Amino acid sequence: MAAEPRIVAFLCNWCAYSAADRAGQAHLAYPQSLLAVRVMCTGRVEPAFVLQAFREGADGVLIAGCHPGDCHYLDGNLRAAARHAVLSRALEAAGIEPARLRLAWAGASEADRFAAIVTEMTEALRALGPLDYRHRALDAIEDAIHLAPHRLDGIEARPAHAPGEKPKVAFYWNASCGGCEEAVVDLGDGFADLLGKVEVVLWPVALDHKKKDVEALPDGAIDVAFLNGAVRLTEQDEWAQLLRRKSRLLVAFGACAHLGGVVGLGNQALKEELLDAAYRSAPSVSNRGAPLPGTPVRANGHDLSLPVLLSRTLPLGEVVDVDYVIPGCPPSPAVVQGALEKLLGDPLPPRGAVLAPNVSLCDACPRKDTRPERIEVRSLRRLATSALEATCFLAQGLVCVGPATRQGCQPGCVEAGMPCRGCFGPLDGVRDAGAAMLSGFASLLQADGEEALRALAAAVPDPAGTFWRYSYAAGLLPARVRPDGRASAPVAAQPAAAPSPAAPPAPAVTGRDEESAA
Amino acid sequence: MEPGPVEGPAGVLSSYQLERMLHPDGPTGGRLVGPDGAPPRAVLLASAADGAPGGDLAAREILKLAHLVKARHPEAAVAVAGGLERSPELVAEADVLRAQGVELLLGAPGAIAAAGGRLEVQLGGPEGVRAADLVVIHAPPHPAAGAAALARLFRIDLTRAGFLSDRAASPFEPTATRIAGVYVAGAAAGPRSIHQAIRDGAAAAGLVLASLEPGERRPLEPLAAEVEAALCGGCGICAAACPFGAVVIERATGKASVEAVHCRGCGTCAAACPTGATGARHFTRAQIAAEISALLAGGTP
């Protein structure tokens with residue numbers, strides 16, 4: 001018999017919590033599945049709390065407060081409703097069914113209503129089966145990552161930089177577009193200065209170094225390694241481990257290494273779906289026998305294989321210890337130049353620092369003086385089809401992620417009439433950049449009544465892709481749950497000729513698998 | 001408050017124009033005249049404010065005018081359209097009118113056209129077209145021109161119709177707004193009868209006086225939000241989210257700050273803040289996150 005579903009319930013002090021209390025006093029029977037967190041108002045509930053609950057094992061999350069119109073704080077509950085409406089859509093991208101996140105209203109005297117809500121939700125969750133996010137979405141990667149031959153042991157014992165020698169610098173790219181390589185060249189005159197000051201020991205995009213050259217270096221011989229790109233293949237994990245071992249300082253360079261970047265949006269699909277789209281089902285693909293990367297293929301007397309795709313994209317910091325981060329897609333010349341000066345100088349910044357100002361973009365926005373005293377979004381506009389003014393994007397009803405995004409971009413996008421998309425990532429201490437901005441933007445939505453507000457929230461374009469554009473893989477829920485409830489099987493183990501499992505673009509997560517739940 | 005506009009062919013009057021005409025100092029010395037200068041044989045009165053804020057007040061106004069017209073011109077055929085007498089509060093007054101020979105029609109007024117020297121009014125429902133010499137319409141009044149600017153200045157809301165909203169957190173503070181110390185009384189909040197306006201004014205004055213009691217202390221909310229200025233980018237999202245206008249972006253610093261007197265500690269701003277600068281005392285991010293972890297670490301209940 002499967003365990004009872006666990007519901008983390010955020011209850012407002014004045015209505016839902018009182019209703020729960022009253023239900024207890026009245027000895028009303030309802031399932032013991034409720035784990036209550038009291039807040040003063042449902043308006044206090046951050047989307048990040050909801051994501052955290054799912055990540056840490058909740059099967060459902062209930063947000064319950066006063067009926068609209070009865071809020072002790074006028075309309076804090078409507079802010080909760082707007083956030084809930086946007087967040088539910090983002091959860092679907094991770095394969096989390098809408099029924100797992102419920103917003104409900106129960107007045108202080110409505111003990112029976114409260115008990116009914118809990119009973120109903122518990123039954124719906126029983127029918128869905130356990131969410132088990134950690135097992136079904138996160139653990140899969142851990143099997144794959146053990147493929148990497150290098151681990152971190154012995155990393156502390158490394159020689160100090162020899163005085164008098166030019167610092168040795170390495171540049172390498174993992175899952176990235178190459179824009180970060182261009183960002184180095186974009187230093188212009190600064191680039192020539194840099195080449196005069198350092199010895200480049202690895203830079204595949206420009207110089208002919210091989211992996212074996214790096215392997216031949218003593219551990220810790222590279223002073224600073226700049227590694228851009230996310231980790232999506234076993235080979236990229238190997239390179240990350242190798243450069244970590246060989247470098248005194250390892251720098252995550254650019255949004256993909258920092259947060260997974262745009263590459264991380266692929267985590268909204270299962271690995272099998274991605275492989276199927278790329279190697280089998282796309283109309284332009286001709287793949288006889290349908291082998292996938294990782295499947296050894298014999299050709300011209302050689303055994304060939306491609307690196308294995310990991311079950312999800314990982315930011316660099318999840319596979320190795322990262323000393324510093326240079327953010328941006330790509331990092332701006334000013335940020336790169338400033339970071340180089342700090343890293344090649346003395347003293348070093350505090351370990352783990354993101355080398356860009358810890359203030360949001362709004363503070364440096366050229367449009368900041370056009371922000372109205374009270375921003376209200378009553379209708380949404382689109383960049384391509386709306387007549388826009390050179391004023392605060394949010395006030396015009398466009399999603400601008402600047403409020404949640406670190407400065408450092410010299411804001412090129414805003415100056416070109418483009419709202420911030422968030423590539424510099426969140427400020428220190430913000431665990432999930434997407435959740436933070438989703439909450440911020442949804443809090444601006446205003447409409448007459450709950451229904452109209454929900455309709456407006458439903459029109460917010462692609463919440464997962466918009467708010468987590470660069471940080472999906474670094475979020476609290478960084479991957480889609482597997483419908484079968486099992487960890488990802490290594491792709492190499494699949495029979496090469498077998499047709500791939502049907503992979504619709506957004507598979508519904510089916511009912512609970514009794515075998516795996518047992 | 002401004003009178004709502006009424007348009008139509010000659011012979012269509014607003015309720016205010018009719019009041020003026022019936023006044024002894026008015027343009028006709030208090031005589032009722034049609035567009036041709038002769039006393040009207042048939043007068044139709046109707047409210048265009050049915051269902052709008054102040055609709056009951058409008059209905060009362062129309063019934064009062066019907067009563068005045070009938071008293072002044074008993075020979076005229078007077079009709080009231082729109083089923084106003086269905087309002088339970090107005091049943092008695094409608095009965096009095098009916099006894100005086102005023103016709104009470106159900107259909108609401110629609111298009112009005114001039115035809116053959118008379119006016120033809122399209123009525124809803126089974127009534128069809130009614131002819132009259134004088135048609136009197138009460139249109140919903142508009143907010144005063146400065147209402148929106150005044151609301152912005154005091155950070156209070158406007159109602160859907162554009163009047164100042166007197167919606168407060170507590171029903172025990174009539175005329176209070178969501179901003180502590182700001183009250184809205186009388187027609188600024190929408191159409192009001194004189195009785196209602198006086199009651200509003202007395203309530204507001206009482207609440208203000210009660211708060212000015214010598215020695216009276218204003219309690220501050222211990223849960224009031226706080227802002228860590230170094231992390232604040234001044235995006236204004238917290239200020240927009242606050243139901244009480246207690247968070248403002250300081251002009252001098254460009255950073256958010258919480259007016260503790262106005263903050264009631266709901267934490268809506270803290271949840272909205274995209275940088276973690278705005279926090280809720282005693283319901284901090286770290287506290288709630290630890291609570292969630294602890295609940296879920298406890299294993300299956």
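Since we're looking at a predicted model, the values are computed, not measured.

Chemist: Would you mind going over the overall build of chain B in detail, with residue names and values included?
Modeler: Helix and strand counts for chain B come out as 8 helices and 12 strands. Radius of gyration (C-alpha) of chain B: 28 Å, far over the 19 Å computed for a compact globule of 301 residues. In terms of overall dimensions, chain B has C-alpha extents of about 85 × 55 × 35 Å along its principal axes. Going through the 301 residues of chain B one by one, you find that 44% of them count as buried. In chain B, once contacts between residues fewer than 6 apart in sequence are set aside, the share between residues at least 24 apart is 56%. Summing over all exposed atoms, chain B offers an accessible surface of approximately 14,600 Å²; the carbon and sulfur share of this is 58%.

Chemist: Summarise the interface of chain A and chain B; cite the residues concerned and give the values.
Modeler: Contacts between the two partners involve 53 residues from chain A and, on the opposite side, 48 residues from chain B. Contact between chain A and chain B buries roughly 4,200 Å² in total, counting both sides, with carbon and sulfur atoms accounting for 60%. When the buried area of chain A at its contact with chain B is split by residue, R44, L74 and R374 of chain A rank highest and sum to 18% of it. In this structure, the connection of chain A to chain B is made through 4 salt bridges.

Chemist: Can you explain the pattern of salt bridges? Please cite residues and give values.
Modeler: If you walk through the whole model with that rule in mind, you get 37 salt bridges over all chains. The closest approach of N and O atoms between R44 of chain A and E46 of chain A, which form a salt bridge, is 2.8 Å. Comparing R44 of chain A with E46 of chain A shows no difference in burial state: the two are buried. One salt bridge in this structure joins D219 of chain A and K246 of chain A, with 3.0 Å as the shortest N-O distance. One end of the pair, D219 of chain A, is in the loop between α8 (211-216) and β7 (222-228); the other, K246 of chain A, is in helix α9 (residues 234-246), with 27 residues separating them in the sequence. Among the ionic contacts, a cluster of salt bridges with common partners joins D75 and R79 of chain A together with D157 and R178 of chain B.

Chemist: So, the sheet that holds strand β3 (residues 77-81) of chain B: which residues are in play, and what are the values?
Modeler: Residues and elements named next belong to chain B. Across the sheet, 5 strands lie side by side as β1-β8-β2-β3-β4; this open sheet has parallel pairing. At either end of the open sheet lies a strand with only one pairing partner, and these are β1 (12-14) and β4 (103-104). Of the strand pairs in this sheet, strand β2 (residues 42-47) and β3 are connected by 5 bridges, and their pairing is parallel. What sits directly across from V43, in β3, is V78.

Chemist: I'd like a rundown of the packing of aromatic side chains, residues and numbers included.
Modeler: All names here are of chain A. Considering all chains together, one arrives at 9 aromatic pairs over all chains under this definition. Ring geometry for F10 and F49: centres 6.2 Å apart, planes at 25°, overall stacked. With F10 in strand β1 (residues 7-12) and F49 in helix α2 (residues 47-55), this residue pair connects regions lying 39 residues apart in the sequence. Residue F10 shares its accessibility class with F49, and that shared class is buried. Judged by centre distance (6.1 Å) and plane angle (90°), the ring pair of F226 and F253 falls under edge-to-face. Taken as a pair, F226 in strand β7 and F253 in strand β9 (residues 247-253) lie far apart in primary sequence, 27 residues in all.

Chemist: Run through the packing of helix α3 (residues 76-93) of chain A against helix α15 (residues 450-458) of chain A, naming residues and quoting values.
Modeler: All names here are of chain A. Put simply, α3 and α15 touch, their axes get as near as 9 Å, and they point 35° apart. At the point where α3 passes α15, the crossing takes the right-handed sense. Across the interface between the two elements, L78, R79, A81, A82, H84, A85, V86 and R89 of α3 pack against E450, L453, R454, A457 and A458 of α15. When the residues that make up the contact of α3 with α15 are grouped by side-chain class, the tally is 8 nonpolar, 1 polar and 4 charged.

Chemist: Lay out the environment of A479 of chain A with the relevant residues and their values.
Modeler: Residue and element names in this part refer to chain A. Examined against the element boundaries, A479 turns out to sit in the loop between α16 (463-467) and α17 (514-517). Considering only alpha carbons, one finds A479 and A455, 24 residues apart in sequence, at a separation of 27 Å. Each residue touching A479, except ones within four places of it in the same chain, is listed here: A94, Y133, A137, N267, R312 and Y472.

Chemist: An account of helix α7 (residues 189-197) of chain A is needed here, citing residue identities and associated values.
Modeler: Residues and elements named next belong to chain A. Those residues of α7 that sit buried are G190, F191 and L194. Seen end-on, α7 carries its buried residues on one side only, within an arc spanning 100°. Residues D189 and A192 are exposed on α7 and point more than 90 degrees away from its buried face. Considering only its buried residues, α7 is in contact with β5 (168-173), α6 (179-185) and α12 (333-343).

Chemist: Tell me about the nonpolar core, residues and numbers included.
Modeler: Among soluble globular proteins, nonpolar side chains are generally buried collectively. Counting residues in hydrophobic clusters, the biggest one holds 102 residues, and the most contacted among them are F10, F441 and L445 of chain A. Contacts of F10 of chain A, omitting those with residues within four sequence positions, involve V37, V45, F49, V50, V61, L62, I63 and A64 of chain A together with I288 and I292 of chain B. Formed by 30 residues, the second largest nonpolar core is a distinct cluster that contains C180, W203, L340 and Y470 of chain A.

Calculation notes
Residues numbered from 1 in each chain as written. Chains lettered and ligands numbered in written order. Predicted model: local features only at pLDDT ≥ 70, side-chain atom pairs only at ≥ 80, totals over all residues. Heavy atoms only, no water. Helix = DSSP H or I, 4+ residues; strand = E, 2+ residues; numbered from the N terminus. Rg over C-alpha atoms; globule rule 2.2 N^0.38 Å. Buried < 20%, exposed > 50% of the residue type's maximum accessible area, 1.4 Å probe, protein only. Contact = heavy atoms within 4.5 Å. Areas by Shrake-Rupley, 256 points an atom, 1.4 Å probe, with all protein chains shown as cover. Buried area = accessible area lost by both parts, 1.4 Å probe. Salt bridge = Lys/Arg side-chain N within 4 Å of Asp/Glu carboxyl O. Pairing = 2+ DSSP bridges. Phe/Tyr/Trp six-rings, centres within 6.5 Å; stacked < 30°, edge-to-face > 60°. Axes fitted to C-alpha atoms, helices over the stretch in contact; angles between N-to-C directions. Left-handed = near helix turned anticlockwise from the far one by under 90°. Nonpolar A, V, L, I, M, F, W, Y, C, P; charged D, E, K, R; others polar. Arc of directions from axis to C-beta. Core = buried A, V, L, I, M, F, W, Y, C linked by side-chain atoms within 4.5 Å.

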